[in-house]
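Fold and contact review
Residue strings, one per chain:
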Amino acid sequence: MKKSLRRLSQLVVLSLAVAGGLVGTSTSAQAATVGTPSITYSGVSNPPTADKPQSKLWWNDGSWWANMWKTGSGWSIYRLDRGTATWVDTGGRSDSRGTTSSDTLWDGIHLYIASNVVTAGDSGAGQQALLYRYSYSAGTYTLDSGFPETISNNSSESLTIAQDSTDAIWATWTQASGTTSTVFVNSSLPGGTGWGEPFVVPGAADPNPMPDDLSAIVAFKGDEIGIMWTDQATGSAYWSTHTDGDDPRAASSWRHREAIRGSRLVDDHLNIKALQADASGRVYAVVKTGHSSASTNPDLPQEVLVVFKPGTGVFEQTTIARTGDCVTRPQIMLDTANNLVRAFHTAPSTSVSGCAFDGVAGSIYEKTASMDNPVFGTGRGTVVIEDANSANMNNVTSTKQSVNAATGIVVMSTDHVAKRYWFSDRSIGTPPAASFTATPTAGRAPLTVNFTDTSMGDTRSWAWDFGDGATATAQNPSHTYTAAGTYTATLTAANEAGSTSSTTTITVDPGATPSISGPADIVAAGPDGVLWNYPADGNGGLQPPVKIGAGWSGLKNGFVTDWNQDGVFDVIAQWKDGRMSYYQGVAAGGLAAGQTIGSGWSNFHVTVGRWRKADTYPSVVAYDAAGTLWHYPHTTGTIFGSRTKIGTGWNGLYLTMADYNRDSAQDILAKRSDGSLVLYRSTGAGSFQPGTRPVIGSGWNSINSITKLEGYQGPGSYGLMGRFTDGRLAYYPILNGTWGTRTMEGSGWGPYNIFR
């Protein structure tokens, strides 16, 4: 349809709207807001997401990118931050002329942006169409030396580019003059340099369509370039192809076909895509017809999908939408994850019933069909972009590339009345595979559990049911169980393709007692990282274990002590990565989240206790890789104070802080490699007593873990629990500087990391 006639019809409709409302339309339900608003713009003449054959978006390096018009700067490269749903200016610039439009192409190495001066009538000379080439590194696109290059010296309504297998860049456009136009093409040397003079498609039967007809170009089959253009005068869409490497200007290098022919079967709306990595070389094009300008029949084809199959050399057609749907400005995308053709177009807002005229702005809709057998459903499709407050969405655009589950699907449009970009970002493909971890999964009430999402795939929403009536929608929530019981925690992970669920069991034990009931309990981490407490029964035995934590696989050594002197036993953890952490015992059960109280401890041998009797809090005595023994006090109930050197030459000794003489001063019991156990008596004031160091035991080289226990055999009892290398436990009572009778306490403890 000629633009002059279309614009006249729009002016008539708009004038009638002033008098009393749009003819043939009425207000329906309130529209919803769908999609996401983005930046505003000014200083550009044409809607910056136009024109129909062009693509403004591309996918690279795990992100979506777009060539967007930035007020005051011109065309700029933006990246979509999916986490915040915002487009971020990356600083890349191309054309600053406000009369231009653009087409983008990413080839895996370079980004190409073609920029043409847009004309609504006759093409003007001296208005260059330019090609910009950028190299990419670490989130930045840098304009290559020697660019931009000149593609053409004339303005045009639209211009598109493609890259052939030799890396040459091709471009096509139509130049209008009077009552006709001419389909031009041009090509570069490999890499987009060395453009020749533009030329008319060689050998084409009808390279002179009407003034507002358009052409578009695509690379397909791995070694061919195809150009399609419309001619409304003949009702035809033409298709000309060229094999890579052949002389581009020789008529013998080109093959010509009619893709569509018939009365009013084409308009000037055209978008074309090739299925990437398709050996058969299928090409898909969407063409708008001209039926709506001459008929009130609502059932005539309004948008047609044309599929070219090089193996047969024929075109197949199917209807996307009909005249009663009032759709316009179509784009298609190829979804390889679901084998779908996705068609996008403008149609009146959902708040409007009827159709003022085909071409009216409103909202962006999507329809889909199988790529193998494309049959589209009835109607306009599903709304993907709509502003409830402004029914002026139009000119949808996206990428030349096929999309898949990794990319998701992003389309962009503009409200050229409000001068604002909008976009839709959705997942495609299969639903995510829900999974998560919970830490801890058992303990006494109140039990705080940290849930961490580990779902695979593109997850867009999280729905948690903690099993006790509470829910959450955060990705990684925490929840406190206040009552004893067994609960099933469920995560439902979802995207637009569907949802899946995963569950785990949380066991909350009753009672309001600490997880570590006293200094006679044995705490041990299993080989699977589960932390257990074995409560002492007070009569020289252990009760069944209680799980008090998980995630302790990285532990080097653990120590049980009342670190903050609040009457509840805590845990000090020395990790293999060198961290020292403090886990406060909770009076009602469980351990609080760990606090890092030091780093760089991986090469230290550590023992914990009240080294100085006058100190309020217990402390750490440890020797470093050089064998220097240090005292690390702490005076705040949490972190260390300044360390003090208390000895040298301690290499190779296994240290246990214990009151061997029962004089209220903590001594150091040192196990030597020969199996002797040596007593280093303390003054109780931070130093050792002078004199010889008596050997108080032998044969201890068969013991690889020593834990000090108080009250194990009843009130006032004191001793050491040792683990033999074969996994047996033995208890050694200490009786005011002498040993009592040893008792064997169990077996199978070899894999456990017993706290000291």
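Below or above, wherever it landed, is the structure these notes cover. (Residues numbered from 1 in each chain as written. Predicted model: local features only at pLDDT ≥ 70, side-chain atom pairs only at ≥ 80, totals over all residues. Heavy atoms only, no water.)

**A look at empty space enclosed by the protein**
For the structure on display, the rule yields one cavity of 30 Å³ or more. In this structure, the largest cavity occupies an estimated 40 Å³ of space. Around the largest cavity sit Thr 49, Ala 50, Asp 51, Lys 52, Arg 329, Pro 330, Gln 331, Asn 395 and Val 396, which together line it. For the lining of the largest cavity, the secondary-structure elements that each account for two or more residues are strand S24 (328–335) and strand S29 (393–397). Looking at the lining of the largest cavity element by element, the count peaks at three residues for S24. Its residues placed into classes, the lining of the largest cavity shows three nonpolar, three polar and three charged. (1 Å grid on protein atoms, 1.4 Å probe; cavity = no way out; pocket = protein on both sides within 12 Å on 5 of 7 lines; lining within 4 Å. Points joined across faces, edges and corners; volume = space filled by probe spheres on them. Helix = DSSP H or I, 4+ residues; strand = E, 2+ residues; numbered from the N terminus. Nonpolar A, V, L, I, M, F, W, Y, C, P; charged D, E, K, R; others polar.)

**Re the sheet that holds strand S32 (residues 436–439)**
One open sheet holds the three strands; their spatial order is S32-S34-S37, and the pairing between them is antiparallel. Of all the strands in the sheet, the pair left with one neighbour each is S32 and strand S37 (478–481). Sheet twist, expressed as the mean angle between neighbouring strand axes with direction ignored, is 25°. The sheet contact formed by strand S34 (residues 447–453) and S37 spans four bridges and is antiparallel. Following the sheet pairing, Val 449 is matched in S37 by His 479. (Pairing = 2+ DSSP bridges. Axes fitted to C-alpha atoms, helices over the stretch in contact; angles between N-to-C directions.)

**Examining the nonpolar core**
Ranked by internal contacts, the top residues of the largest apolar core, which has 28 residues, are Trp 64, Trp 87 and Met 412. Elements with a minimum of two residues in this core: strand S3 (57–60), strand S4 (63–70), strand S5 (74–81), strand S28 (382–385), S29, strand S30 (409–415) and strand S31 (420–426). If sequence neighbours within four positions are ignored, Trp 87 has contacts with Ser 38, Leu 57, Trp 64, Trp 65, Ala 66, Met 68, Tyr 78, Arg 79, Leu 80, Val 410, Met 412 and Phe 423. Membership of the second largest hydrophobic core comes to 19 residues, among which are Val 218, Phe 220, Ala 237 and Trp 239. (Core = buried A, V, L, I, M, F, W, Y, C linked by side-chain atoms within 4.5 Å. Buried < 20%, exposed > 50% of the residue type's maximum accessible area, 1.4 Å probe, protein only. Contact = heavy atoms within 4.5 Å.)

**Overview of the pairing of strand S52 (residues 667–671)**
A large share of S52 lies buried, amounting to five of its five residues. Both faces of S52 are covered, namely the face carrying Asp 667, Leu 669 and Lys 671 and the face carrying Ile 668 and Ala 670. With five bridges connecting them, strand S51 (residues 654–658) and S52 associate as antiparallel partners. The residue bridging Leu 655 from the neighbouring strand is Ala 670, located in S52.

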